[in-house]
Every structure is written in C-alpha cells, then in structure tokens.
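# A closer look at the structure
Below are the chains, spelled out letter by letter.
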Amino acid sequence: MTVQLQELAAQLESIRQEAQQALAATDSLEQLEQLRVKYLGKKGPIPQVLGGMAKLDAADRPRIGALANEVKEAIQSDLDRRRTALQAAQIQAQLEAETLDITMSGVYRPQGRIHPINGMMDRVTDIFVGLGYTVAEGPEMETDYYNFEALNFLHDHPARDMQDTLYLPDGNIMRTHTSSVQIRYMETNEPPVRIVMPGRCYRRDTVDATHSAVFHQVEILAVDEGLTFTDLKGTIKVFLEQLFGEVPIRFRPSFFPFTEPSAEVDVQWKGRWLEIMGCGMVDPNVLKAVGYDPEVYTGFAAGMGVERLAMVLHQIDDIRRLYTSDLRFLQQF
Ligand code: DAH
C-alpha cells in the first residue's frame, strides 16, 4: 500500500470514528439529521477525501473508492440504528407522559341522598300506587273553605282549635292538613275515586319530640259504591304491613268533622303507642259539599303523619332531628 493510500485510508477511518462518537452522543432526531448532513452530505468530509484521489496510483483508486463506500455504509447504519433507538425512546416518553393511572383515587364529590322525610313520602305513595291509587296534589296556602268549611268544620266548632294555623293578611291560611286536597280533587272529578295526596302542612303546634309546626302528611281517599269500614281497615292493615312488616297496631275511636265514624291508628314506638294517622268513613256532608250523592256513594279516607312513620320505621327518638340538617344524622339513611 502506498503512503498516499494509507493517508487517505487513515483520514476515512478517523471520519468514521468521529461520526460514530457524534452519533452515539446525539439525543434528538433533529441533531441526528444535522449529523447526517454533516457526515454524509455532498459537502461532507468523504467527498473531500476522495478529492485527494488524484495523487494516487491508478491501481489504488478503486481501493480508496471501495473504502469510502464502506465508511459511508458504516456511518449510514450507525445513523439508522441511532434513529430507531431515538424514535423508540420518544414513543416510550410519550406513553409515559400520557399514561392514565387507574389505581389513582378519583376526585371525591360528596353525593347527596334522599331525606328521610321525602324517602318516607315516596314509600307511602308507592304502596298506594301499587294498590291502584293515583297521586293528587294541592296548594300549601289554602282558603278557609277547602281547609275547614267544605270538610264540615263549622265556624265555631272546637275541632278548629286543634288545628290552629298561620292566618295570612289576605284571609288565606297555611293548610293544616292534606285533607283539603280531597275537596279540590272531588270538585273536579267524578267517582269512583282512589287518590293518594302527599304534602306539607302547617300548624300552630308547640314543638316537642313528636310535634313540629311544619310537617308532612300523606292523605288517601277512596269513594265508590258500597265501600265500608272493612275496606278502610283492610287497606290500612295492608299498608302498615307493607311499610313496617309485623308491628303491633291499634284502631282507636276518635272524632274528625269530615269522617263518621272516625278512628286514629297507633303503632308501637319506643315502648309506647304513637298516633300515626287519623281515618274514617267520609262524612255525607263532605260528599254533598262536592256534589256527590251520599245515598249512592260512600268513601273512606286517612291522613298520616310522614315524620311519625319515619320515626317508627327508623327508630328515631325525636322529630326535631329530621329538621336539623345534621349530616351525621342524615347520612345514616
Ligand atoms: N286531617 C286529619 C289531621 O290532620 C287526619 C285525618 C283524619 C285525615 C281522618 C283523614 C281522615 O283523611 O279521614 O289530623
């Protein structure tokens, strides 16, 4: 090998080594592209070396050409390998950045739940809907007529004292019971009637463990030909069994102006009897007031205290807990 050939071969070898090192040190694809242009481009070092071929013997020229090709190929394959590695690293980095850690705990948003009063209204309503009743509602602000007069409360009747309420400046009142909805419904519908009427009521009651000035009732009313007290009693028993299962109950004679005869129903709560509803056979005067013929139709009705039903079902010791908005209490339902 001539000295000139050796020199050029050494130059090519050092280009190869330099390129190899530079490629190994790159860590971006842009940098890699710059190195490709630098080492393999037309203005790169290899064509420069080949420019020195003129000094060589004619016999050495093909050898240096072959050597130059080898170096080019070596650089090219280093470059390819490096590019593959960098691309894989890039994908890996992207995957890591976009990974969703499904074991991470989620964002916690406290979820509300049904208040025990609303829950009880729903339960009661559902049971009666299951017995074929439809839901009816009326306003909380009432006239004296719907709340008292049409329900057979005479103006000076002492029964009004038990249901004293808030009298509004315009002469309206806040309804003391859901019985007013009976009248509103019957005025606009013909018998047969089977309705369930949930709603909020107001009374001038002294608040204690079992009384509240604002409370809830669910009223039921059935009017048809041939209904008797047996139908009332059977309906109430089936209802209470559905709601509470087997609990001791008792029917106690009572008085309401709008029913005759009337009864109150008690269930066991905290070792004593708690009144949970009033009921009775619809008084003929009420049927007359809405234009039904009491010689043809009879009916039964009941109005139950929602809070009290909830107190019995959930063994709540004081009605006031239902209104305190104490989450420690409410979260138990
Ligand atoms: N309205 C009565 C009250 O609030 C309860 C009641 C008694 C409703 C007898 C009725 C009934 O429908 O027939 O005390």
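All values derive from a computational prediction rather than experimental measurement. (Residues numbered from 1 in each chain as written. Predicted model: local features only at pLDDT ≥ 70, side-chain atom pairs only at ≥ 80, totals over all residues. Heavy atoms only, no water.)

### Points about the layout of surface pockets
Quantified by volume, the largest pocket comes out at close to 620 Å³. Arg 203, Phe 215, Gln 217, Glu 275 and Arg 308 are, among the 34 residues lining the largest pocket, the residues nearest its centre. When contributions to the lining of the largest pocket are tallied by element, the ones reaching two or more residues are strand 5 (214-224), strand 6 (249-256), strand 7 (259-269), strand 8 (272-282), strand 9 (298-305) and helix 10 (306-314). Per-element tally for the lining of the largest pocket: the top contributor is strand 8, with 6 residues. (1 Å grid on protein atoms, 1.4 Å probe; cavity = no way out; pocket = protein on both sides within 12 Å on 5 of 7 lines; lining within 4 Å. Points joined across faces, edges and corners; volume = space filled by probe spheres on them. Helix = DSSP H or I, 4+ residues; strand = E, 2+ residues; numbered from the N terminus.)

### A word on the UniProt feature "domain: Aminoacyl-transfer RNA synthetases class-II family profile" (unreviewed entry) in the protein
The residues that UniProt annotates with the feature "domain: Aminoacyl-transfer RNA synthetases class-II family profile" (unreviewed entry) are residues 124-324. Here residues 124-324 runs as 26% helix and 32% strand, with 23 Å between its end C-alpha atoms. (UniProt positions renumbered as here; feature names shortened; annotations may be inferred.)

### Looking at the nonpolar core
If you look at the biggest cluster of nonpolar residues, it comprises 40 residues, and the most contacted ones within it are Ile 220, Phe 239, Leu 240, Met 277, Met 304 and Leu 309. Secondary structure elements with two or more residues in this core: helix 5 (116-130), strand 5, helix 8 (229-244), strand 7, strand 8, strand 9, helix 10 and helix 11 (327-330). Residues Ala 136, Tyr 146, Val 223 and Phe 258 belong to the second largest nonpolar core, which totals 25 residues. (Core = buried A, V, L, I, M, F, W, Y, C linked by side-chain atoms within 4.5 Å. Buried < 20%, exposed > 50% of the residue type's maximum accessible area, 1.4 Å probe, protein only.)

### Some words on the packing of aromatic side chains
Summed over all chains, the structure comprises 8 aromatic pairs. Centroid distance Phe 153 to Phe 258: 5.8 Å. Interplanar angle 35°. Geometry classified as tilted. Of this pair, Phe 153 sits in the loop between helix 6 (144-147) and strand 3 (173-174) while Phe 258 is found in the loop between strand 6 and strand 7, placing the two residues 105 residues apart along the sequence. Comparing Phe 153 with Phe 258 shows no difference in burial state: the two are buried. (Phe/Tyr/Trp six-rings, centres within 6.5 Å; stacked < 30°, edge-to-face > 60°.)

### Things to note about the UniProt feature "coiled-coil region" (unreviewed entry) in the protein
The residues that UniProt annotates with the feature "coiled-coil region" (unreviewed entry) are residues 2-35. Segment residues 2-35 splits into 88% helix and 0% strand. End C-alpha atoms: 32 Å apart.

### Re the sheet that holds strand 7
One open sheet accounts for 7 strands, arranged 1-4-5-9-8-7-6; its pairing is mixed. The open sheet has two edge strands, strand 1 (134-135) and strand 6, and neither has a second partner. Contacting strand 1, strand 4 (193-202), strand 5 and strand 9, helix 7 (residues 179-188) crosses the sheet at an angle of about 40° to strand 5. (Pairing = 2+ DSSP bridges. Contact = heavy atoms within 4.5 Å. Axes fitted to C-alpha atoms, helices over the stretch in contact; angles between N-to-C directions.)

### What about the environment of Gln 4?
Among the structural elements, Gln 4 can be located in helix 1 (residues 3-25). Classification of Gln 4 by relative accessible area gives partly exposed; the value is 39%. Sequence spacing of Gln 4 and Leu 322 is 318 residues, and the spatial spacing of their C-alpha atoms is 105 Å. Look past the residues within four positions of Gln 4 in its chain and what remains in contact with it is Lys 55 and Leu 56.

### A look at the domain arrangement of the protein
In terms of domains, the protein is made up of domain 1 (3-97) and domain 2 (116-330). With centres defined by C-alpha atoms, the gap from domain 1 to domain 2 works out at 96 Å. (Domains from an automatic or database assignment.)

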